[in-house]
Amino acid sequence: IVAQLHRLLRPFMIRRLKADVEKSLPPKTETILFTPLAASQREVYKQCLLREISVVQGRATGTARSPLLNLVMQLRKCCNHPYL
């Protein structure tokens, strides 16, 4: 029954075998460009830092790792898109 299903579905399945993949492609290159923050991004970035000043200064209560990771995520969002 499984073989019948495979034959029935074969025309609709997109599946590549390792042997079918092009082997002569050049290796992937990665280019990293550093650009300054826009004015609105810079402002939101500063607001995030000032809102979480106790975390930045290391005075967070309890385990300091969780608030710090949260702050880092918020700063990353400010850099990628200031309106998130």
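Residues numbered from 1 in each chain as written. Predicted model: local features only at pLDDT ≥ 70, side-chain atom pairs only at ≥ 80, totals over all residues. Heavy atoms only, no water.

**Considerations on the state of the cysteines**
Stated formally: Two cysteine sulfurs form what is called a disulfide whenever their separation falls within 2.5 Å.
Inspection of every chain in the model, using the stated rule, returns zero disulfides. No disulfide involves C78; its sulfur sits 3.4 Å from the nearest other cysteine sulfur, which is in C48. No disulfide involves C79; its sulfur sits 6.7 Å from that of C78, the nearest cysteine.

**Looking at the confidence of the model for the protein**
Low pLDDT marks regions whose predicted coordinates should not be analysed in detail. To keep things clear, this is the line we draw: One confidence number per residue, pLDDT, is output by the predictor and ranges from 0 to 100. Put simply, DSSP marks the helices as runs of H or I at least four residues long and the strands as runs of E at least two long, and each gets a number from the N terminus on.
Summary statistics for the protein give a mean pLDDT of 80 and a share of 87% for residues scoring 70 or more. Looking over the protein, one finds the lowest element-wise mean pLDDT in helix α3 (residues 53-56), namely 74, and the highest in helix α1 (residues 2-9), namely 88.

**Focus: the nonpolar core**
To keep it simple, the criterion reads: We define a nonpolar core as any set of buried Ala, Val, Leu, Ile, Met, Phe, Trp, Tyr and Cys residues linked to one another through side-chain atoms lying within 4.5 Å. For each residue, the accessible area found with a 1.4 Å probe, counting protein chains only, is set against the maximum for its type, and the residue is called buried under 20%, exposed over 50%, and partly exposed in between.
Among the nonpolar cores identified, the biggest contains five residues, and these are C48, V55, L71, L75 and C78. Examining the composition of this core, we find that three residues originate from one element, helix α4 (residues 65-80), more than from any other.

**Structural notes on the side chain of Q41**
Filter applied, for reference: Polar contacts here mean pairs of N or O atoms no more than 3.5 Å apart (in protein, one a potential hydrogen donor and the other a potential acceptor; neighbouring residues in sequence count only if both atoms are side-chain atoms).
On the secondary structure map, Q41 appears in helix α2 (residues 39-51). Among the polar contacts made by the side chain of Q41, one reaches the main-chain carbonyl oxygen of C79 at a distance of 2.8 Å.

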